[in-house]
Every structure is written in structure tokens, then in C-alpha cells.
Amino acid sequence: MSESSATGVWRDVIGQPTAVQVLQDAVRDPARMTHGWLLTGPPGSGRSTAARAFAAALECPDDGCGQCRECRTVAEGTHADVTVMSTQGLSIQVRDARELARLAQHRPTVGHWRVIIIEDADRLTERAADALLKALEEPVPRTVWVLCAPSVEDVIITIRSRSRHIGLRTPAVAAVAELLTRRDGIDPQVALHAARAAQSHVGLARRLARDQGARTRRETTLLMAGRIRGLGDAMTAAADLAALATEESSAASGERNATEKMHLLEQLGADPAARTQPPHVRSQLSALEKEQKTRATRFGRDVIDRSLVDLLSIYRDALVVQLGEPVELVNTDLREEVLSLSTALRAEGLLNAMDAIGTARERITANVPPLLALEAMTISLQLPA
Amino acid sequence: MTGMPTYVLIAGPEQVLADRALASTIEAYRAVDPETEVIRMEASTYQPGELAMHASPSLFSGTKLLVVRDLDEGGDDLVQDVVALVETDLQDVWLTVLHKGGQRGKKALTALKNADARVIDAPAIKSDRDKSSFVMGEFQVARRKITPDAVRALLEAVGKDLSELASSCQQLIADTAGVVDEGRVALYYGGKVEATGFRVADAAVAGNAADALRLLRHALASGVDPVPIVAVLASQLRQVARVATAGGGSSGALAKSLGMAPWQVDRARQAARGWDGDRLGRAIQAVAAADFAVKGGGRDPVYAVEQAVLAITAQRHGAATGRAG
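Quick look at the structure, then. Bear in mind the structure is a predicted one, so any value in this text is a computation, not a measurement. (Residues numbered from 1 in each chain as written. Chains lettered and ligands numbered in written order. Predicted model: local features only at pLDDT ≥ 70, side-chain atom pairs only at ≥ 80, totals over all residues. Heavy atoms only, no water.)

Further remarks concern the overall build of chain B. Each helix and strand in chain B was counted, giving 15 helices and five strands. The buried share of chain B, taken over its 325 residues, is 45%. Surface summary for chain B: the accessible area is close to 16,200 Å², and the carbon and sulfur share equals 52%. (Helix = DSSP H or I, 4+ residues; strand = E, 2+ residues; numbered from the N terminus. Buried < 20%, exposed > 50% of the residue type's maximum accessible area, 1.4 Å probe, protein only. Areas by Shrake-Rupley, 256 points an atom, 1.4 Å probe, with all protein chains shown as cover.)

Here we take up empty space enclosed by the protein. Residues and elements named next belong to chain A. Per the counting criterion, the structure on display carries two cavities of 30 Å³ or more. Considering only enclosed or pocket space, the largest cavity measures out at about 200 Å³ in volume. Taken together, 15 residues make up the lining of the largest cavity; nearest its centre are Ala214, Arg217, Arg218, Arg306 and Asp310. Elements that contribute at least two residues to the lining of the largest cavity include exactly helix H9 (202-210), helix H10 (212-224), helix H11 (231-268) and helix H12 (279-323). The residue makeup of the lining of the largest cavity, split by class, is seven nonpolar, two polar and six charged. In terms of domain composition, the lining of the largest cavity takes at least three residues from each of domain 2 (173-210) and domain 3 (231-380). (1 Å grid on protein atoms, 1.4 Å probe; cavity = no way out; pocket = protein on both sides within 12 Å on 5 of 7 lines; lining within 4 Å. Points joined across faces, edges and corners; volume = space filled by probe spheres on them. Nonpolar A, V, L, I, M, F, W, Y, C, P; charged D, E, K, R; others polar. Domains from an automatic or database assignment.)

To continue, consider the packing of H10(A) against H12(A). Residue and element names in this part refer to chain A. Where H10 meets H12, the closest approach of the two axes is 9 Å, and the angle between their N-to-C directions is 50°. Relative to H12, the element H10 lies oblique. Like other packed secondary-structure pairs, H10 and H12 cross with a definite hand, here right-handed. In this structure, H10 contributes Arg218, Thr221 and Leu222 to the contact, and H12 contributes Ser307, Asp310, Leu311, Ser313 and Ile314. Classifying every residue of the contact of H10 with H12 by side-chain character gives three nonpolar, three polar and two charged. (Axes fitted to C-alpha atoms, helices over the stretch in contact; angles between N-to-C directions. Parallel < 35°, antiparallel > 145°, perpendicular 65-115°, else oblique. Left-handed = near helix turned anticlockwise from the far one by under 90°. Contact = heavy atoms within 4.5 Å.)

Glancing now at the pairing of strand S4 (residues 93-99) of chain B. All names here are of chain B. Within S4, seven of the seven residues are buried, which leaves the element mostly enclosed by the surrounding structure. Here S4 shows two buried faces, one formed by Val93, Leu95, Val97 and His99 and the other by Trp94, Thr96 and Leu98. Sheet analysis places strand S1 (residues 7-11) next to S4, joined by five bridges and oriented parallel. Looking at the pairing, Val8 lines up with Thr96 of S4. (Pairing = 2+ DSSP bridges.)

Applying the stated rule across the entire model yields 33 salt bridges over all chains. Here Arg32(A) makes a salt bridge to Asp25(A), at a shortest N to O gap of 3.1 Å. Lys134(A) is the partner of Glu138(A) in a salt bridge, and the nearest nitrogen-oxygen pair spans 3.7 Å. Each of the salt bridges in this network shares a partner with another, and the network as a whole consists of Asp70(B), Asp72(B), Glu73(B) and Lys100(B). (Salt bridge = Lys/Arg side-chain N within 4 Å of Asp/Glu carboxyl O.)

Our next topic: the interface of chain A and chain B. Taken together, the 18 residues of chain A in the interface contact 19 residues of chain B. Taking both partners together, chain A and chain B bury about 1,700 Å²; carbon and sulfur atoms supply 63% of that area. Taken as a group, Leu231(A), Arg363(A) and Leu372(A) account for 33% of the area that chain A buries against chain B, more than any other trio of residues on that side. Put simply, chain A and chain B have one salt bridge between them. For Glu375(A), the salt bridge identified is with Arg238(B), shortest N-O distance 2.6 Å. Remark: the boundary between chain A and chain B carries four residue pairs in polar contact (both at pLDDT 80 or more). Of all the secondary structure elements, the ones that give two or more residues to the side of chain A that touches chain B are H11, helix H14 (347-365) and helix H15 (370-380) of chain A. Examining the composition of the side of chain A that touches chain B, we find that six residues originate from one element, H15(A), more than from any other. Counted by class, the side of chain A that touches chain B contains 10 nonpolar, five polar and three charged residues. (Buried area = accessible area lost by both parts, 1.4 Å probe. Polar contact = N/O pair within 3.5 Å; in protein donor to acceptor, adjacent residues only side chain to side chain.)

A word on the pairing of strand S3 (residues 114-118) of chain A. Residue and element names in this part refer to chain A. Across the five residues that make up S3, a large majority, five, are buried. Burial of S3 is two-sided: the residues Arg114, Ile116 and Ile118 facing one way and the residues Val115 and Ile117 facing the other way are all buried. Taken together, the four bridges between strand S2 (residues 82-85) and S3 define a ladder with parallel strand orientation. Across the sheet, residue Thr83 finds its bridge partner in S3, namely Ile116. Chirality of the crossover, the property in question, places the unit of S2, helix H4 (residues 94-103) and S3 among those that are right-handed. Viewed along the sheet, the connection from S3 through helix H5 (residues 126-137) into strand S4 (residues 143-149) turns out right-handed. (Right-handed = clockwise from strand over helix to strand, strands pointing away.)

Another aspect to go through is the layout of surface pockets. All names here are of chain A. Considered as a void within the structure, the second largest pocket measures approximately 460 Å³ in volume. If you list the elements that add at least two residues to the lining of the second largest pocket, you get H4 and H12. Examining the composition of the lining of the second largest pocket, we find that five residues originate from one element, H12, more than from any other. Residues that form the lining of the second largest pocket fall into these classes: four nonpolar, seven polar and six charged. Looking at which domains feed residues into the lining of the second largest pocket, each of domain 1 (3-167) and domain 3 (231-380) supplies at least three.

With that out of the way, let us pick up the side chain of Arg238(B). Mapping Arg238(B) onto the fold places it in helix H11 (residues 226-245). At a separation of 2.6 Å, a polar atom in the side chain of Arg238(B) contacts the side chain of Glu375(A).

Taking 1.5 Å of rise per residue, 12 residues should cover 16 Å, and H5(A) covers 17 Å from first to last C-alpha, within 8% of that figure. On the buried face of H5(A), the contacting elements are H4, S3, S4 and helix H6 (157-160) of chain A. (Expected span 1.5 Å × (residues − 1).)

Take helix H9 (residues 197-205) of chain B next. Since the α-helix advances by 3.6 residues per turn, residues separated by three or four positions end up pointing in the same direction. All names here are of chain B. Along H9, the positions that sit buried rather than exposed are Gly197, Val200, Ala201, Ala203, Ala204 and Val205. Tucked inside the fold, the buried residues of H9 contact helix H10 (209-221), H11, helix H13 (262-272) and helix H15 (301-316). At the C-terminal side of H9, Gly207 shows a positive phi close to 85°.

By themselves, these figures tell us nothing about what the structure is for.
The structure is reproduced here in C-alpha cells:
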């Protein structure tokens, strides 16, 4: 990657020289531009950062200087012609998609382009995706769609065929650490450690570097691997993992839910202290509560998934040690645990354990109750007596 | 208007009883005046002022009976109108109100009671004991006899839904003569069992494959979805596993530390006999695989549940199958 390309709005898109090059060319040369883009890459690889940088570069008179008003407003999410759709619920519903399709017909107001970014295109329901097809297929001259998803398989084939695909890859640990140091002012040593532990997931690495609670939770999860002996331990470990997720989910959402409720009551002109609210307020409140509940479900699942990825890493490390590969360990701080795990289980056992973790992740996504999926997993993780 | 009160309140959640009470009330009013016009109103579609409109005297009409259903679902308008109507001096108009329970519309209820309304209770019938006394009552009213065994058989076959139970009683009363015994019930309702996920799980955990499969089929046939059945299988096995691995101690103390009810601990302990850790683990894994399959991971949810039940019973008997995933 030439140094000059990583300037301006592209500075935070780390470790993606090829992708950045393609996007930059599209900004500069109208012949290389198209109306629909699909950015894919593993979680934390910077899909949405890349999408926003692309949007800023399109709006910027100077192809993404990073300094002008256009660049700054896009970065802050207040640009009039850049719409970012993301969801904190489980899915993007058809009514949201219809709204976007309608918006796509409008000409841009202040900039050159109307950019519509869908951050979680994998969370589009089937009907929502169908609602977008028409708008994606028959583009309005100055509208650009940027869809982000973990992989091309996560969006329906008819969307895939209507957009240009750009794959992002996992950035290098050093690059992530450098970003944390530069952007968030985190101590280089801590940043490097966090980047490694988060397996190059930028957002996670930042959380690990800044939040002591997150570090402790991660360690608790990892230590679990060496402690499951017998069914009783397995059941307890599963219950602990599930409880950890609920705890974190409610801690993160409790305050926010209360503020949202307060805001809604204010907007409706209702008295927050009233013991019973009038019917029209009640129905709005219950709609809000429903939304908050799906958000909590999603959040809880995300937390569990993150713990499982952490857990996966220690088995991976044990396998690396056992095979004597000169690859860097993810959990350098827990070297002893890794070593004891690599002696307790043979390569076959380690692979089985990793398989079990993968199965549990898949099942939880498919709506199996997390506790049950975790129990089935921890039972497979029992160490031989 | 001799003998019949102006106001009747039918209070209670049991719809079968409430409907009957309403029918007999209407009949009683008709006995007073065969020309009575019955005007029915639903709380959900009630328009303000409707009651007053119907209650106002008319040149041509005779006596009227106003029936308001589901007062507990009504808005403030309805409650106010009922209270207002109770406070006015009604001429040739009767009012019957049905209320399923709860706090809503309490004002109207108090007003009705203060106006000496006749109150007919329609209490919920939930437990098997209530249901069997309901069946006995049905037969008593018809001056017929039914043996206790026949009552039990009838409850087992159609006991889930009270209206179905009531109509079954009526059918037996109408179609048979003499004492109704178990054979009679079997003739009409034989082979029908209303199984729940819990009964399936109990049989499966006890290792009784034939019973478990039979109950599973009954449950599925009577409309239970595979998803809750798998959930019950999982929770029963979880309880057994947690209790079995928790060691000794009083069931009270164990219940507290595991967050279960003491009777659940006792039952799980009983069920835990004949299981060991490895086999329980494999059974739980089989259920987890089935849960994934019934939620879209497999092609046939029923097959998945069946396989899970078979896997549990096989593990209970110590079959050396591989890990189920």
C-alpha cells in the first residue's frame, strides 16, 4: 500500500490496500463507478468504516480530504445525503427497507451523490431484501447503495447479482494496535495486547483495552476451558456463560431503556409519575418495550458469541503449541493454561472441542435457547479424567 | 317483573359456565315476558351512548334485555354508561353484565352490586378435581350415574378444554342409558389421550420408550408443537443433571442453591436413578441437536423429536452410542 492512499478519510480503513484502491479509483474515475456495492469481511475488519470513508470521499469535492465540511459531517453521521441504516434488533424489517427504497428515488440535496449505507445487510429479512431489489436494479442516476455483510453468502443471491463485491480481510494485529494508539490514544503495549486478544477485531480490541470488566470476563471464560471435569462442571459452566451474557446485557441496556422510556413519555406529553397511563400512551410504551426486548435478545446473543470466540482461541492456541507451528498465539498472557490444555487433550480432542464450539455458535444463531446449546457444548468440552 | 331482578352480574373467567348462566338468565326473563327483546353488546365494539339509547323508552317496544359481554375489556365509556344506567330508574328494561375478572370496570361492578344485582359466579375450572366435580355435576343434573373410573377416563381423553368436556358429557348423557362406566367412555373416546410435553418427558427420562413414543404421537396429534416438547425435554434433563451432580443434602437446601422448587428436586432425584454423567450428557446433546432441527436445522421436526426421545431412552438403558453432537 502506498502511503499516499492512506490519507484523509481513508486513514482509519486499516490493512485493506486493495479494497481501498478499488474504491478510490471509483471515486476518481466515473467509468469505474457503479451504483451498488457489497462490502464483505469478517466482523471487526472495518466494513462500516470503509463504507463511511467511501461515502465521505464521494461527497468531498477533493475526493476525501478528511478536513472539509462534507468529510466531517459524513464522519459524524449528519450529512444530509448520506443515510446509514443499522439495526440493534435482530433484523431489518420490510418497512425500513421500503423507506430506504423510497429515499433512493430522491436527488441528492447538497452533495454529488445520495449514499445509502446498510451496515447489517445480513440482517435484512427476506421480505426486506426483496423490497430493495427494484431500487437496486433500476438505479437513479445519483444514488449509490453500499451494503455491508460478513460474507456474500449472507445476502440473497438477487442482491449479490445487482451489486459489485469488494472483500475486506482481517487486518494485521500490528495495524489494529497502531490504529488504537493513534485514534484512541491507548498505550502501545496495551493496544498490541488487546488487538491480539481480540483477534484483530477493531471494536472489540478497543473495548478490551479500555474496559477492565471486559478483560476480566474474557479471562473467566478462557479459564473455563481447563476446568470442566465431569457433567456437574459442564452444567455449571454453561449456566455461568449464559448468566454472564444476561448480566452484561441488562447492565448495558437498563439505563438506556429507562432514558428511552422517559423520552417517549415526554414526547407524548404524558406524566411519567402517573400510575396508569392513558391507552394511546400504553400502546406506544408496549411497542417500545417490545423493541427493547428484541434488542436485549440480540445483545445477549452477541455477548455469548463473543465469549465463544474467545473460548475458541484458547483451543486454537493449544493446537498451535501442540503442532509446534511458529504462529503467534492469541492468548500470550495465558501461556500456562494453553500449555496445560495442549497436554491434557490430543490434537483430535482439541479439534473436537473447537467443532463443538462452532456447533454451539451455529445453533444459537438458529434460535436454539443459548443455555441448551451451551450445555451441549460444555459437555463435549469435558477433559478426560 | 316478578321474581327476576333488574340487574344480573355474571362474574368469573370460565366461559362455559358464563354462557350457561347467560342462557338460563335469558330463559328466566322470557318466562316473565315471552316477548322480551334481547339486545347484545360487545365491550370491544361498544360505542358511547349505546346503552342509554337502547334503554330509553320507545313507543312500540315491549320489555328489553340488554346484555353486555366482557365488561373487563371495555373502555371507560362503557363503564360510565353502565354506572349511569344503574343509577337511573329503569322501566321495562333489564340489564345483564358479564365480567371475566380483574380490576377493570370495578366501578360498574360495585354499582351493580349496590343496586342489588343478582350475582352468578363462573369460577375458573382448572384442576383435575374441579373438573371431575364438574363432570359429576353434569350427570347429577341429568339424573344419571357415572362411575369414578369413567370420570377419570373421560378427563384423560377430553379434559383439556372445558367446553369439549361439557359437550362430551352431554353426548354421553344423550346417547347412552343406565350407568356410564369406563367401558362406555372407552367406546366413545377410546384411544384419545391428551398428552403434554411433560408426560412425554417423564416417560422418556424414565427410559420407557414405547410409552414415550405413544404419548409423543398423541401430543402431536392433539396439536402440541414439537418446539415446546423439545424445550420440556431439555428442562427435565437439565434438572436431573443438576440434581444428580449436586451431591447429597436436604432437598430444601438443594432447591435453594439450584433455584428449583423442593418437589422438583425430589422428583429429579427419583428420576436420576439409573443415569450416570456420561449418558445424561449424551442425552442432553441429543436434545440440543433436536432443538436445532425443529427450528429449521432439519427437514422434519417430528422426526427430530422422535429421534431425541429414542436417544434419551436408549441412553437411559446404557446403550453405547456415540456422541450425538
